[in-house]
Amino acid sequence: MSLENEFAEYLKKPLSNASASEIYEAMVDLVKARSAALPKIRSNKKVYYISAEFLVGKQLGKNLINLGIYDEMNRLLSANGIRMEDIEKEEKEPSLGNGGLGRLAACFLDSIATLDLEGDGVGLNYHFGLFKQQFRDRKQYEVPDEWLSGKNMLRDTGVHFEVSLAGKTYESRMYDLDVIGYHGNRNTLHLFDLDTVDESIVHDGIAFDKTDIAKNLTLFLYPDDSDKNGQLLRIYQQYFMVANAAQLILKEEKEKGHDIRHLDRYVAIQINDTHPSLIIPELMRLLINEGITLKHAADIVSNVCAYTNHTILAEALEKWPLSYLMQVVPQLIPIIEGLDYAAYCAFNGNPDLAIIDDQNRVHMAKMDMHFSHSINGVAALHTEILKHQELKPFYNVYASKFNNKTNGITFRRFLMHSNPELSDYIDHLIGEGWKSDANHLEELLRYYNDENVLDHLVEIKYHNKQRAARLIKEREGIEVDPNSIFDVQIKRMHEYKRQQMNALWVIYKYLMIKRGQKPMTPITVIFGGKAAPAYTMAKNIIHLILCLQELINNDPDVAPWLKVVMLTNYNVHKAEAVVPACDISEQISLASKEASGTGNMKFMLNGAVTLGTADGANVEIRNLVGMDNIYIFGKTSDEVIGLYNSHGYHSADFYYRSASIHEIVDFLTGPELSAIGDVNMLGELRENLINKDWFMTLLDIESYCAVKETALYDYENRAWWKRKSLVNTAKAGFFSSDRTIREYNWDIWNLK
Ligand SMILES: *Cc1c(COP(=O)(O)O)cnc(C)c1O
């Protein structure tokens, strides 16, 4: 049957009479039916990617692409005067992730399927996700993100498992999301839930009774853990996730007729950060229940499991009080204690290597490192820091377990779907080979001196800026000029990512313009990102940005030259709209603190030039594009680590020594912002910058302002800038998540 006829059967009325939501719903039915008919991938060995987050983004467009019917569907709509964009708007973005770690998991599932490897994701079906961000009085408020209402791609499988939490038995339910590979086959993302979860217990934003596990277990991702009940809830969630994963794995293995004594021949498990770490003792527990000895179970599980570290921030390395684990998962305590004892015996009681510390806290990452066969960082620099600084005691005894897997992104979403005009033009220039082997993008360098091609790329960028400007007008009510320079920093709000440094630059530029030093081309500074609900300083930074937005956009002396936009509720959809429009990609974390970053890769692929520190994957971007095609500033990670070790950084020195730093920092509590904002929040921010500044904003700010000035100056040399842009796209092939997944498979999973 033709696609058109098949679609007509779902729509049940002529396209010309159908509303956008009717068309959307019919398309979901069509996609679900088409994908159910695809063969499931089978290999000799299967990987399970367990993760607290899967930031999958909207499914419709990407699934149409991977089913190979996007263009045909698009033509069908166009012939009836309907825009695909308007249909895609009907879909609510799944709220199953927080930031880069969750987006990485989603890109990996896409690549695993595309490479025809058998691999499923396992996670939780959060009803309200992280939260939906709103701004009122220039402050962030959190409300539930009700993404499950309305039609979506989830399937209720009817599969149940029993999970024991604090001695009580709960019955889970498994929902599946199809993961369609680019070549027409599929894997699955399994999302577990409890039928008893009660959305009506949420009140006053995102508050709820943290003790009522039957009703609250899967309401939110990362519920507030600033008190004991919040921490217990996190443990409940983590155990619920892995207990379901472990049962699913053993069920599938038994159905395949495999002997679980040789589980390591058939199964690989990737532990994405420490949230799924309890899979180790839980899987051991189930194997022991089948009659396998503790020692043998530990060997099997170590050969199956591999651990990915995503951060060196101490607060992100989970340590649970043993007493909390005793309360929630008493069944695991003998095993965790057994593992701790085994590590104690193996390393003569070395406290650096102990799983349970002298305060009776269980270090999840340490359990992972002892009882998995692979430990990887997510960019070359990050892995080196793990080996020689953060995890040095473990590297000393397990050197061969350590390996690097530089992150990647799926070009199907972040080029083909989000920037179709560029994607089509690349096809026209070099053919479609880059879609299966991204290194082919280097063939674009043939056009380095072809003015027609370069000008066409500039025109595509301009169209993307018009499109982003429309979204900004529609969603934020702010008029921005597509002829201005789009300077973009979109990512979670965190002091280490240093949005505050960019905001201080905005003040610096505002003051320059006020003094008559206008930029040659107007600049639009775009921010976007959520702050964790309990993270005061991140909320203060949002407040500052929103106050600057108000001040600057309404100042007739300044607004023609400088605009500030804070996007509300940053998510994958907004990333897809803004990334293709970016000229300058802000990747300005304090060196050593951003493990990899993946936003940096999306921007580069879409022809933006990076302004960044020598941190995370920025280092690898620099090595690929060369110093002429990137702007690097600030202290190196070695210098920063040296300052931490020697306690040698005092922000006050910088504040008092430099008149210009003094001036921009004091602006936070000056009359202009005090008239608009909350003086306590802005005062706290200023105070923190002067007296604490844990992430060393004032250390790098002068170098940042100077190098940003150079970038803005170079932008005026259009002939040069368009070549920089071309080189960035051409060199981005390395950052395809297909490459990353090939490496995981060769070095860690060994599927097929
Ligand atoms: C890519 C992405 C991120 C990660 O961005 P970084 O700049 O690497 O922190 C976070 N959120 C969303 C929605 C993304 O698409």
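Residues numbered from 1 in each chain as written. Predicted model: local features only at pLDDT ≥ 70, side-chain atom pairs only at ≥ 80, totals over all residues. Heavy atoms only, no water.

Engineer: Now, about the pattern of salt bridges: what can you tell me, with residues and values included?
Structural biologist: Summed over the entire model, instances satisfying the criterion amount to 53 salt bridges. A salt bridge links Glu252 to Lys46; the nearest nitrogen and oxygen atoms lie 2.8 Å apart. Linking Glu252 in helix H8 (residues 228-255) with Lys46 in strand E1 (residues 46-50), this pair joins segments that are 206 residues apart in sequence. As far as burial versus exposure is concerned, Glu252 and Lys46 are alike and both buried. With a closest N to O distance of 2.6 Å, Glu451 and Arg723 form a salt bridge. One end of the pair, Glu451, is in helix H19 (residues 451-476); the other, Arg723, is in helix H31 (residues 718-730), with 272 residues separating them in the sequence. The partly exposed category is assigned to Glu451, whose relative accessible area is 35%. Counted as one network, the salt bridges with shared partners bring together Arg42, Lys46, Glu118, Asp120, Glu252 and Lys256. (Salt bridge = Lys/Arg side-chain N within 4 Å of Asp/Glu carboxyl O. Helix = DSSP H or I, 4+ residues; strand = E, 2+ residues; numbered from the N terminus. Buried < 20%, exposed > 50% of the residue type's maximum accessible area, 1.4 Å probe, protein only.)

Engineer: Which residues make up the pairing of strand E17 (residues 562-567), and what are the values?
Structural biologist: Within a regular strand, side chains alternate between the sheet's two faces. Here E17 lies mainly inside the structure; 6 of its 6 residues are buried. With burial as the criterion, each face of E17 is covered, one bearing Leu562, Val564 and Met566 and the other bearing Lys563, Val565 and Leu567. Both strand E16 (residues 523-528) and E17 contribute to a ladder of 6 bridges, which runs parallel. What sits directly across from Thr524, in E17, is Lys563. Where the polypeptide runs from E16 across helix H21 (residues 536-553) and back to E17, its parallel neighbour, the crossover connection is right-handed. (Pairing = 2+ DSSP bridges. Right-handed = clockwise from strand over helix to strand, strands pointing away.)

Engineer: How would you sum up the side chain of Lys387? Please name residues and give values.
Structural biologist: Relative to the elements of secondary structure, Lys387 occurs in helix H15 (residues 380-390). If we ignore the near neighbours within four places in the chain, the residues touching Lys387 are Lys392, Tyr395 and Phe402. (Contact = heavy atoms within 4.5 Å.)

Engineer: Tell me what's going on with the nonpolar core, and back it up with residues and numbers.
Structural biologist: With 188 residues, the main nonpolar core has Phe7, Ile23, Met27, Ile269, Ile279 and Trp749 as its most contacted residues. Per-element accounting of this core gives the leading share, 14 residues, to H8. Those residues within four positions of Phe7 in sequence are excluded, and the remaining contacts are Leu15, Ile23, Ala26, Met27, Leu30, Met73 and Leu76. Within the second largest apolar cluster, 69 residues are counted, among which are Ala503, Leu548, Leu562 and Tyr704. (Core = buried A, V, L, I, M, F, W, Y, C linked by side-chain atoms within 4.5 Å.)

Engineer: Give me the packing of aromatic side chains: which residues, what numbers.
Structural biologist: Scanning the model with the defined rule gives 18 aromatic pairs in all. Consider the rings of Phe108 and Tyr744, whose centres lie 5.2 Å apart with planes at 65 degrees: the pair is edge-to-face. Taken together, the positions of Phe108 in helix H6 (residues 100-114) and Tyr744 in helix H32 (residues 737-749) put the pair 636 residues apart, joining distant regions of the chain. Take Phe108 and Tyr744: they sit in the same class, and that class is buried. Aromatic side chains Tyr395 and Phe402 sit 5.3 Å apart centroid to centroid with 85 degrees between the ring planes, which places their arrangement in the edge-to-face category. Within the aromatic cluster, the residues linked to one another by ring pairs are Tyr49, Phe108, Tyr744 and Trp749. (Phe/Tyr/Trp six-rings, centres within 6.5 Å; stacked < 30°, edge-to-face > 60°.)

Engineer: For the layout of surface pockets, give the residues involved together with the corresponding values.
Structural biologist: Considering only enclosed or pocket space, the second largest pocket measures out at about 1200 Å³ in volume. Taken together, 40 residues line the second largest pocket, and the ones lying closest to its centre are Tyr70, Glu85, His417, Pro420 and Arg467. Those elements that provide at least two residues to the lining of the second largest pocket are helix H3 (60-66), helix H4 (70-79), helix H5 (84-88), helix H17 (411-417), helix H18 (420-430), H19 and helix H22 (572-578). Among the elements that line the lining of the second largest pocket, the one with the most residues is H19, at 8 residues. Along the lines of polarity and charge, the residues of the lining of the second largest pocket split into 12 nonpolar, 9 polar and 19 charged. Lining the lining of the second largest pocket are residues from two domains, each supplying at least three of them: domain 1 (1-37 + 59-92) and domain 3 (481-713). (1 Å grid on protein atoms, 1.4 Å probe; cavity = no way out; pocket = protein on both sides within 12 Å on 5 of 7 lines; lining within 4 Å. Points joined across faces, edges and corners; volume = space filled by probe spheres on them. Nonpolar A, V, L, I, M, F, W, Y, C, P; charged D, E, K, R; others polar. Domains from an automatic or database assignment.)

Engineer: Give me the lowdown on the site of the ligand, citing residues and values where you can.
Structural biologist: In the neighbourhood of the ligand, 14 residues make up the surrounding shell, with Lys491, Lys497, Thr598, Gly599 and Lys602 lying closest. Lys497 has a polar side-chain atom sitting 2.7 Å from an oxygen atom of the ligand. With respect to the ligand, the backbone of Gly599 contributes an N or O atom lying 3.0 Å from an oxygen atom. Coverage of the ligand by the protein chains reaches 96% of its 390 Å² of free accessible surface. For the shell around the ligand, the elements supplying multiple residues, two or more each, are H6, H22 and helix H23 (599-605). For the shell around the ligand, a count of residues per class yields 4 nonpolar, 6 polar and 4 charged. Among the domains, domain 2 (38-58 + 93-405) and domain 3 (481-713) are the pair contributing at least three residues each to the shell around the ligand. (Near = heavy atom within 4 Å. Polar contact = N/O pair within 3.5 Å; in protein donor to acceptor, adjacent residues only side chain to side chain. Areas by Shrake-Rupley, 256 points an atom, 1.4 Å probe, with all protein chains shown as cover.)

Engineer: Could you give an account of the domain arrangement of the protein, with specific residues and numbers?
Structural biologist: Assigned domains of the protein: these are domain 1 (1-37 + 59-92), domain 2 (38-58 + 93-405) and domain 3 (481-713). Relative to domain 3, the C-alpha centre of domain 2 lies at a distance of 33 Å. At the interface, 34 residues of domain 2 touch 41 residues of domain 3. If you sort the residues of domain 2 by the area they bury against domain 3, Gln133, Phe135 and Arg138 come out on top, with a joint share of 24%. On inspection of domain 2 and its partner domain 3, the count reaches 3 salt bridges. For Glu142, the salt bridge goes to Lys539, with nearest N and O atoms at 2.8 Å. Joining domain 2 to domain 3, the criterion identifies 14 residue pairs in polar contact (both at pLDDT 80 or more). For the side of domain 2 that touches domain 3, the secondary-structure elements that each account for two or more residues are H6, strand E3 (132-136), strand E4 (139-143) and H15. In terms of residue count, H15 provides more of the side of domain 2 that touches domain 3 than any other element does, 5 residues in total. Of the residues that constitute the side of domain 2 that touches domain 3, the class distribution is 13 nonpolar, 11 polar and 10 charged. (Buried area = accessible area lost by both parts, 1.4 Å probe.)

Engineer: Outline the sheet that holds E16, supporting the account with residue identities and numerical values.
Structural biologist: The strands that make up a sheet are held in pairs by hydrogen bonds between backbone atoms, and each pair lies either parallel or antiparallel. The strand order across the open sheet formed by 6 strands is E17-E16-E15-E18-E19-E20, and the pairing between neighbours is parallel. Each edge of the sheet is formed by a strand with only one pairing partner; in this case those strands are E17 and strand E20 (631-632). Both strand E15 (residues 485-490) and E16 contribute to a ladder of 6 bridges, which runs parallel. Residue pairing in the sheet places Val488 in a bridge with Ile526 of E16. The strands that helix H20 (residues 499-514) touches are E15, E16, E17 and strand E18 (584-587); relative to E16, the one it contacts most, it runs at about 155 degrees. Together, E16 and E17 form the strand contacts of H21, whose direction differs from that of E17 by roughly 140 degrees. (Axes fitted to C-alpha atoms, helices over the stretch in contact; angles between N-to-C directions.)

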